[in-house]
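Coordinate analysis (summary)
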Amino acid sequence: MSFLLNVTLVIVGLAGVLWLLSPRLLPSLGTFLVKMDLSARVKKAEFEQKSFVLPDGRGAWYLERVTRGHAEDKPLVILPGLGVTMHLMGAQLGDVLKHIPNRRVIVIELPYHGRCVSMESDFRDPGLALDAITASIAMIVDNIGGLESFDLMGYSFGGVLATNLVLKHPQRVGKVMLLAPYYYNEATTEQYNVVFEAKQWHRLAAWQGRDELEPWFYNWLGLDKNDALPGFIFSGIAGLRAEQYPDNYWVGFYNRLHDDCQSSRSFLAENNDALGALSSEVLLIAASNDTIVNAEKLTQLSNVFNSEKTDIKTVNAGHFFAPNGQTLFEVSADEVGAFLNR
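Treat the numbers as computed from the prediction; the structure is a model and nothing was measured.

This part covers the pattern of salt bridges. For the coordinates displayed, the defined rule picks out 16 salt bridges. The salt bridge involving Asp122 is made with Arg124; its shortest N-O contact spans 3.6 Å. Asp122 sits in the partly exposed class, given a relative accessible area of 44%. As a salt-bridge pair, Asp260 and Arg256 come within 3.7 Å of each other at their nearest N and O atoms. Of the two residues, Asp260 and Arg256 both sit in helix α10 (residues 249–260), 4 residues apart, roughly one turn of that helix. Accessibility assignment for this pair places Asp260 and Arg256 in one class, buried. Salt bridges sharing common partners tie together Lys50, Glu64 and Arg104.

Ranked by size, the top nonpolar core spans 116 residues in total, and within it Tyr183, Phe196, Trp216 and Tyr254 carry the most contacts. Setting aside residues up to four positions removed in sequence, Tyr183 forms contacts with Gly159, Val160, Thr163, Leu178, Thr188, Phe267, Leu268, Leu298, Leu301 and Phe305.

Turning our attention to the confidence of the model for the protein. When the pLDDT values of the protein are averaged, the result is 91; 91% of them are 70 or greater. Note that residues 7–12 has pLDDT below 50 and, in this model, 0 contacts with residues that lie over four places away or in other chains.

Backbone geometry follows two general trends: most residues other than glycine have a negative phi, and most peptide bonds adopt the trans configuration. The omega torsion across Asp125 and Pro126 is 10°, close enough to zero to call that bond cis. Take Pro126: it is sitting in the loop between β4 (105–108) and α5 (130–144). In this model, Asn248 sits at a positive phi of 60°, which is unusual for a non-glycine residue. Secondary-structure assignment places Asn248 in the loop between α9 (231–244) and α10. Relative accessible area serves as the criterion here: at 42%, Asn248 is assigned to the partly exposed category.

If you walk across this open sheet you meet the 8 strands as β1-β2-β4-β3-β5-β6-β7-β8, and the pairing is mixed. Single-partner strands in this sheet number two, and they are β1 (48–53) and β8 (310–315). With strand direction ignored, the average angle separating the axes of adjacent strands in the sheet is 20°. Running over the sheet, α5 touches β1, β2 (59–65), β3 (76–79), β4 and β5 (150–155) and is turned about 145° from β4. Sheet contacts for helix α15 (residues 333–341): β3, β5, β6 (173–179), β7 (282–287) and β8; angle to β6, the most-contacted strand, approximately 170°.

What follows is about the packing of helix α8 (residues 209–220) against α9. Taken N-terminus to C-terminus, the directions of α8 and α9 make an angle of 105°; their axes are 9 Å apart at the nearest point. The angle between α8 and α9 places the two elements in the roughly perpendicular class. On α9, the residues that touch Gly209, Arg210, Leu213, Glu214, Phe217 and Tyr218 of α8 are Gly231, Phe234, Ser235, Ile237 and Ala238. Grouping the constituent residues of the contact of α8 with α9 by class yields 6 nonpolar, 3 polar and 2 charged.

As judged from the 6 bridges shared by β1 and β2, these two strands associate in the antiparallel manner. When the bridges of β2 are listed, Lys50 appears paired with Tyr62. Where β1 hands over to β2, the hairpin turn is made up of 5 residues, of which Gly57 adopts a positive phi near 95°.

Analysis parameters
- Along each chain, residues carry numbers from 1 onward, in the same order as the chain's sequence is written.
- Reporting in this predicted model follows two pLDDT cut-offs: at least 70 for local features of residues, and 80 or more for side-chain atom pairs to be given and counted; totals over whole chains, interfaces and linings ignore these cut-offs and use all residues.
- With hydrogens and water excluded, all non-hydrogen atoms of the structure serve as input to the side-chain values.
- Any Lys or Arg side-chain nitrogen found within 4 Å of a carboxyl oxygen on Asp or Glu counts as a salt bridge.
- Only protein chains enter the area calculation, which uses a 1.4 Å probe; residues under 20% of their type maximum are buried, those over 50% are exposed, and those in between are partly exposed.
- Secondary structure is summarised from DSSP: a helix means a run of H or I of at least four residues, a strand means a run of E of at least two, and numbering begins at the N terminus for each.
- Residues enter a nonpolar core if they are buried and are Ala, Val, Leu, Ile, Met, Phe, Trp, Tyr or Cys, with the set joined through side-chain atoms within 4.5 Å.
- Residue contacts follow a heavy-atom distance rule, with two residues in contact if any of their heavy atoms lie within 4.5 Å.
- pLDDT measures how confident the predictor is about each residue, on a scale from 0 to 100.
- Pairing between strands is defined by DSSP: at least two bridges between them are needed.
- Lines fitted to C-alpha atoms define the axes, with helix axes restricted to the stretch in contact, and inter-axis angles between N-to-C directions lie between 0 and 180 degrees.
- What sets the label is the angle itself: under 35 degrees gives roughly parallel, over 145 gives roughly antiparallel, 65 to 115 gives roughly perpendicular, and the rest give oblique.
- Basically, the charged four are Asp, Glu, Lys and Arg, the nonpolar ten are Ala, Val, Leu, Ile, Met, Phe, Trp, Tyr, Cys and Pro, and anything else, Gly included, counts as polar.

Written as structure tokens, this is what we have:
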């Protein structure tokens, strides 16, 4: 009787495991694990989520790691990339933060991202023109408090926003770090430009579902197939996006971006004199295997920025991922840390 009972329990247990790992539940498990991982890493970085209402009535969100009593250290403001929420950005910063343990650090949620999503948005207010988004970010910075002077980091789309912000407010920004900055048309790859101009948004960051997510990670963000994520994690990431954004949300975003970015296709050329006259020290990180931003074009920007105050480094990475399961943020952390601390 005891033997039969044990066998029955084993069978029931195996059946339970198989049910738990069924295709129907694996995506939900993946989404749960992705959420837990993001939350754990943001918490480990000691970020707190904060929000307030702007004078124009719109909500603003950001993550903040408070200062630890070293008032002489400038706060660091960080602008994520297109499609990157403040939480995802905050989760990538652990290695950088180790180099600046006493700094106040703020990660701003970009308009139309994460907590700033409106389910009925037509992307017209503030719009996606470079100056409009920059003005929106400046308003957030102005209303957070204690940011009369700060250092600034921007990743990808956040890199061009950071560049424009320092041009608009050169007296407030100290050091500037640009990680794979997205200067559309002037420094993006021909491969990316062709897809962008063809409006094939689902091949880019407007992906929906796991089937479109995986090519985005492999072909554009630089994930090596030797470092492939488990299938249920891919499904979990796709599930998380489906929870955060309505269907075709990013298609609408890209359509508006395509229309509104016409005025910024020659951003570097039009601001050549102002960029060359910047007093801010600049660190520009290019990723050698980037298929979105052309690393070689970025290395030539020493002729655009003030060459005496600009360091341009190339790291072995794609636009987001790096070899051996690392990320662009991990492989560039030492360079960023040394730059901030010198």
